[in-house]
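Next come the chains, spelled out residue by residue.
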Amino acid sequence: MSDSRVVRWGVLGAGAIAKAFVQGITALDCASVTGIGSRSLEKAKVFADDAGLTGATCHGSYEALLAAPDIDAVYIATPHPMHAHWAIRAAEAGKHILCEKPVALNHAEAMAVVEAARAHGVFFMEAFKDRCHPQTAKLLKLLGDNAIGEVRTVRVEFGFNAEDWGGVDPESRLFSPQLGGGGILDVGCYAVEMARLIAGAASDKPFLDPIEVKAVGTLGATGVDEWTAAVLLFDNGVVAQVATGIRAALENGCHIVGSTGSITLPDPWLNSREDAETGRIIVQNADGKQEIEIACEHNGFGYEAEVASRAILAGKTAADTPAMTPADTLGQMKTLDAWRAQLKLSYPQETPGGFPMPLSGRPAGPRDGHPMTYGRIPGLDRDLSNFVIGCDNQLTFPHAAVMFDHWLEVGGNAFDTAHLYMGGEPERLFGHWQTSRGVRDQINIIAKGAHTPHCNPESVTRQLHISLERMQTDHAEIYILHRDNPDVPVDEFVDVLHEHAEAGRIGVFGGSNWSVERYVAANEYAKAHGKRGFSLMSNNFSLARMINPVWDGCVAASVPETRQFLIDNQVPNLAWSSQARGYFVSKEATGRAGEWDHDNAWDSPENRQRRQRAFELAEKHGVTAINIAAAYVLCQPFPSFALIGPRQIHETVTSLPALGLQLTESEMAYLDLRD
């Protein structure tokens, strides 16, 4: 920055909300507006003239604004569906980010924004200005001082009737699905963030996310929510009622009931776009009724600009609570998703046709300098990423697309699927993704079938055809039998797999949860009859030994005899539960206290010792214990690949440091209790 005391802001978007932000920032001594970006230079100039920004540079494109060297931070004020794209582009340009609410259309997009900001080391904050206002600070102090006892219920409303604002325009941002219309994202988000803030304060936490969301509402002619209400249940017992509408003028207030009184905020958000407003809180308790006024220096936009600017000047990448932190934003978006899901409300951009490429705007593919490493499986004439992502937990297309787009960016090219997973939905979502991105020739598909009780040759054929159709492809590079069935002779499995391989429907194949004896017998039969044999195993392998099977029929390769077989024969193993399903995550990260849960598949005195040693080596190498556990799998003296199942981008990111670890033989022996 040219002046370390002032943040130079660029305003991305030239609408009414952007003008209000400019109005709020003018009174600050820590910030200035030095650039305006619009889709046309003429519009940017008109905006600058109307806002009185005589010294600001006008840019005829958002790209030009982000490229400007005299801008430190950007305020993103475009319609909702554009937020994620431009926030990511801003992070890549090294600009700090204050993004209008909601930060994205859904939780998946918000994940991508948060990770982009984290990856590029820039400040990020979602622009809920009430979180930065003195009135909210006073409310939190009252709750912290036990002014109304234990919080029991919260009622928050924010809605208006668009007919009072000039009528209903189906193509306006309020009513157009293409523009993310509807009450939930426009103003219902305010009710949700306020409820989550108050519920958190009741437990002395920055925020809480609801454990249950129940909602009803009305979708209008354009398909967006026009009025709706939801009930949020929190794990501390707080129940919140939230309501919103764009065709329903609501009271637009907040009422909190506690065990000894109540608090009312007649105007929780103080939404003046020009002058400062005096805050007002009404407290009713055993001492009677008290009305508290909170003097304000400027409008809410000024307060949020000040909070963001001072955090940036202090070198922070997030503001202090109660301003929205990245974790708060992610919880907020997950709650909004749950509310919309209750109404079956989705947007065109959340479908394969409306989301045809990554949010960055670049074609899907690996980025320069990615960290991924690769190995080979005999018979497969292409590299396979040493980490393999599991396609087993994706519930929506945006979630699948954002996770898989990021996987390609970091160099991942292997995707583990199965006919059994979640009724086939992950396979369908994966198929939509790979087709929409046009990346079929860049990736390796691992298909699995014949899970108990359908573990037989007939099911192999039936399920394979279904899986390929779901995934919108005619072949899978790798096919794995999900289970073994000792009642079926190995030759019958070899015969059917050989048939599909010869037909080009599968490439190499192998068995998951197969014993060494059955694996060897299958290959002996294949060799004797001139047929293709098994090329790989996919048994559990992890630093923690599987004490009890995670599921019936599971087989681990970590036992010494199987490990030695893999070494002697250089058989590749695709290790599932390679990180022991979180056994090596710190208790602080999971929120667990005391000893690890003894009633799981991994806990034993020996595994606790391995876990402790993993934490020791993690400190030595400057990584996490779970990275050490993954590196143990990857550094085996046989071809070893680790299947991982990240639910969020951040889980992918925090797994990647394992790829750069080359554990020594003495370290491997130490971890394995052989030393």
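Residues numbered from 1 in each chain as written. Predicted model: local features only at pLDDT ≥ 70, side-chain atom pairs only at ≥ 80, totals over all residues. Heavy atoms only, no water.

1. Notes on the pairing of strand S21 (residues 506–511)
In terms of burial, S21 is largely enclosed, as five of its six residues are buried. Taken together, the five bridges between strand S20 (residues 476–481) and S21 define a ladder with parallel strand orientation. Residue pairing for S21: Leu481 is matched across the bridge by Gly511. Handedness of the crossover is the feature at issue here: the chain leaves S20, passes through helix H13 (residues 490–502), returns alongside S21, and the resulting connection is right-handed. Relative to strand S22 (residues 536–537), S21 runs parallel, the two sharing two bridges. Considered in S22, the bridge of Gly510 is made with Leu536. Crossover handedness for the path S21 to helix H14 (residues 516–528) to S22: right-handed. (Buried < 20%, exposed > 50% of the residue type's maximum accessible area, 1.4 Å probe, protein only. Helix = DSSP H or I, 4+ residues; strand = E, 2+ residues; numbered from the N terminus. Pairing = 2+ DSSP bridges. Right-handed = clockwise from strand over helix to strand, strands pointing away.)

2. Here's the deal with the side chain of Ser558
Along the chain, the position of Ser558 falls in the loop between S22 and helix H15 (560–569). Judged by relative accessible area, which is 4%, Ser558 ranks as buried. In terms of polar contacts, Ser558 uses its side chain to reach the backbone amide nitrogen of Ser542, at 3.3 Å. The residues touching Ser558, leaving out its near neighbours within four places in the chain, are Asn540, Phe541, Ser542 and Arg545. (Polar contact = N/O pair within 3.5 Å; in protein donor to acceptor, adjacent residues only side chain to side chain. Contact = heavy atoms within 4.5 Å.)

3. Details of the pattern of salt bridges
What the rule picks out here adds up to 37 salt bridges. For the salt bridge of Asp337 with Arg340, the shortest nitrogen-to-oxygen distance reads 3.6 Å. Note that Asp337 and Arg340 are positioned in helix H9 (residues 326–343) at a spacing of three residues, about one turn of the helix. According to the relative accessible area criterion, Asp337 is partly exposed, its value standing at 22%. Taking relative accessible area as the criterion, Arg340 reaches 3% and is therefore assigned buried. Put simply, Glu477 and Arg382 hold a salt bridge, and the shortest N to O gap is 3.2 Å. Linking Glu477 in strand S20 with Arg382 in the loop between strand S15 (374–375) and strand S16 (384–385), this pair joins segments that are 95 residues apart in sequence. Among the residues examined, Glu477 registers a relative accessible area of 5% and is labelled buried. Given the relative accessible area of 22%, Arg382 is considered partly exposed. One network of salt bridges, in which partners are shared, links Arg131, Glu193, Arg196, Asp209 and Asp328. (Salt bridge = Lys/Arg side-chain N within 4 Å of Asp/Glu carboxyl O.)

4. What to know about helix H7 (residues 183–202)
Its 20 residues place the ends of H7 27 Å apart at the C-alpha level, agreeing with the 28 Å of an ideal helix rising 1.5 Å per residue. For H7, a buried count of 18 out of 20 residues is recorded, marking the element as mostly surrounded by other parts of the structure. Looking one or two residues past H7, Asp204 carries a phi angle of roughly 60°, positive in sign. (Expected span 1.5 Å × (residues − 1).)

5. Considering the sheet that holds strand S10 (residues 239–245)
Adjacent strands of a sheet pair through backbone hydrogen bonds, lying either parallel or antiparallel. Spatially, eight strands are ordered S8-S9-S10-S7-S11-S12-S13-S14 in an open sheet, and the strand pairing comes out mixed. Only two strands of the sheet have a single neighbouring strand rather than two, namely strand S8 (212–219) and strand S14 (288–294). Across the sheet, the axes of successive neighbouring strands diverge by a mean angle of 10°, strand direction being ignored. Looking at chain direction, strand S7 (residues 151–159) and strand S11 (residues 254–258) are connected through five bridges and run antiparallel. Looking at S11, one finds that Arg155 is bridged to His255. Along the sheet face, helix H6 (residues 134–144) touches S7, S11, strand S12 (262–265), strand S13 (279–285) and S14 and points at about 15° away from the line of S13. Strands in contact with H9 are S8, strand S9 (225–233) and S10; relative to S8, the strand with the most contacts, it is inclined by about 50°. (Axes fitted to C-alpha atoms, helices over the stretch in contact; angles between N-to-C directions.)

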